[in-house]
Amino acid sequence: MTKWIGIWALSIVFFWGSTAAWSLDLNLPKTAYQGDLIVGKTEPTAEVRVKGKRQIVGPQGYFVLPVPRDQKTDFLVTVTSETESLSYIIRILAYPWRTQKINGLSKKYVTPPPEQQKRVISDNHKVQNVRGDHPYPVPFFVRKGFIKPVNGTVTSPFGLNRVLNGKPKSFHSGIDIAAPLGHPVHCPADGIVRLVDSDMFLMGKTLMIDHGLGVTSIFIHLDAIAANTGDLIRQGDLIARVGKTGRATGPHLHWGVSAGRTPLDPQRLINREFK
Ligand SMILES: [Zn+2]
């Protein structure tokens, strides 16, 4: 296999940009940013691999490749059908992630006491199970893409290095949209409700929606949730109300998007065409 990758990678140098040279159908961008969601299309029966890891290919041939926020190298994608194999390089562009300092948070939320840490771990397990667990192969989000779930200003973008009460924490894995308490939250893209939890320690009232191919949304700090696990939700449906439950200094919506367990920048998805 390694030998084949080498040969096809060489071929790319000669056929770069002229996909018509191949009979195996493959549609991929030439570049993507750190934190981006790459959506590709090929033959539904083809096998797609990145770094040797096999990706789910949906019934219409769509597949997704999440670019981790700290991805340092380009992607080498190999697509294999019954008769052909080809490789494609996607150039990964760096993004200058900033640092944000937040002070005045209640100490129990920055360093939870031991009895609360158990809850934090169990909450995270529930969330990670949804992200890693049997994603729907149907690409619900492809037809209409994503809209902003709340009308408001993004006060905290994706990817910020966060320092809470002087302690460095993991980077901000979603976007914060400022909005008044009780403001409606609309579903950004079609999908199925996979998790409703009324009391997570850091995240408060939490809702997760599966948009297909392993792409999921999470909405946290909610005041109320207007959906049940298993519901089929359409883009624009009212799903929740903005709140400040869990670790939140004031009412806002934290919206996160992941592909598998890789967090992505939701702002790169809004109003983008995927078909
Ligand atoms: Zn947030």
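Just so we're clear, the structure is a prediction, and the values are computed from it rather than from any experiment.

Draft legend 1. Region of the structure containing the overall build of the protein. The secondary structure content of the protein amounts to 3 helices and 22 strands. In terms of overall size, the protein behaves like a compact globule, its C-alpha atoms giving a radius of gyration of 20 Å where 275 residues would be expected to give roughly 19 Å. Overall, the protein is about 60 × 40 × 35 Å in size when its C-alpha atoms are taken along their principal axes. Here the protein holds 275 residues, and the buried ones make up 33% of them. Looking at the protein alone, contacts between residues at least 24 apart form 68% of all its contacts between residues at least 6 apart.

Draft legend 2. Region of interest: the environment of D176. Along the chain, D176 turns up in strand 13 (residues 175-178). Along the backbone, D176 and G152 are 24 residues apart, and their C-alpha atoms lie at a distance of 9.5 Å. Contacts of D176, omitting those with residues within four sequence positions, involve V154, T155, S156, H252 and H254.

Draft legend 3. Looking closely at the sheet that holds strand 12 (residues 167-169). Strand order in the open sheet formed by 3 strands is 9-11-12, with mixed pairing between adjacent strands. Edge positions in the open sheet fall to strand 9 (99-102) and strand 12, since each of these has one partner strand only. Averaged over all adjacent pairs, the angle separating strand axes in this sheet is 25 degrees, with direction ignored. The sheet contact formed by strand 9 and strand 11 (residues 161-164) spans 4 bridges and is parallel. Bridge pairing in strand 11 places Q100 opposite R162.

Draft legend 4. Representation of unusual backbone geometry in the model. Non-glycine residue N165 carries a positive phi angle of around 50 degrees. Relative to the elements of secondary structure, N165 occurs in the loop between strand 11 and strand 12. The backbone of H221 shows a phi angle near 65 degrees, a positive value even though the residue is not glycine. Take H221: it is sitting in strand 17 (residues 215-222). Looking at H221, the number of C-beta atoms within 10 Å reads 24, which means it is buried.

Draft legend 5. Focus on the nonpolar core. Counting residues in hydrophobic clusters, the biggest one holds 52 residues, and the most contacted among them are L37, I38, V64, F219 and L253. Ranked by the residues each element gives to this core, the list is headed by strand 17, at 5 residues. Two domains share this core, each providing at least three of its residues, namely domain 1 (2-93) and domain 2 (99-268). When sequence neighbours within four positions are dropped, the list of residues in contact with L253 reads P149, V150, I177, A179, V185, F219 and V242.

Draft legend 6. Here's a closer look at the sheet that holds strand 5 (residues 53-55). What the 5 strands build is an open sheet, ordered 2-8-7-4-5; its pairing is mixed. The sheet terminates laterally at strand 2 (31-33) and strand 5, the two strands that pair on one side only. Averaged over neighbouring strand pairs, the angle between their axes works out to 35 degrees when direction is ignored. The pairing of strand 4 (residues 47-50) with strand 7 (residues 75-80) spans 4 bridges and is classified as antiparallel. Along strand 7, the bridge assignment pairs V48 with V79.

Draft legend 7. Just the domain arrangement of the protein, in detail. Considered domain by domain, the protein is made up of domain 1 (2-93) and domain 2 (99-268). A C-alpha centroid distance of 30 Å is found between domain 1 and domain 2. Listed as interface residues are 14 residues of domain 1 and, on the opposing side, 18 residues of domain 2. No other element matches the 4 residues that strand 6 (residues 62-66) contributes to the side of domain 1 that touches domain 2. By residue class, the composition of the side of domain 1 that touches domain 2 is 9 nonpolar, 3 polar and 2 charged.

Draft legend 8. Quick peek at the environment of Q60. Looking at where Q60 falls in the secondary structure, it is placed in the loop between strand 5 and strand 6. Accessibility expressed as a C-beta count within 10 Å gives 12 for Q60, which makes it exposed. As a C-alpha pair, Q60 and N161 span 101 residues in sequence and 38 Å in three-dimensional space. Once residues lying within four places of it in the same chain are set aside, the contact partners of Q60 are P44 and P139.

How each quantity is defined
- Residues numbered from 1 in each chain as written.
- Predicted model: local features only at pLDDT ≥ 70, side-chain atom pairs only at ≥ 80, totals over all residues.
- Helix = DSSP H or I, 4+ residues; strand = E, 2+ residues; numbered from the N terminus.
- Rg over C-alpha atoms; globule rule 2.2 N^0.38 Å.
- Buried ≥ 20, exposed ≤ 12 C-beta atoms within 10 Å, placed from the backbone.
- Contact = placed C-beta atoms within 7 Å.
- Pairing = 2+ DSSP bridges.
- Axes fitted to C-alpha atoms, helices over the stretch in contact; angles between N-to-C directions.
- Core = buried A, V, L, I, M, F, W, Y, C linked by C-beta atoms within 7 Å.
- Domains from an automatic or database assignment.
- Nonpolar A, V, L, I, M, F, W, Y, C, P; charged D, E, K, R; others polar.

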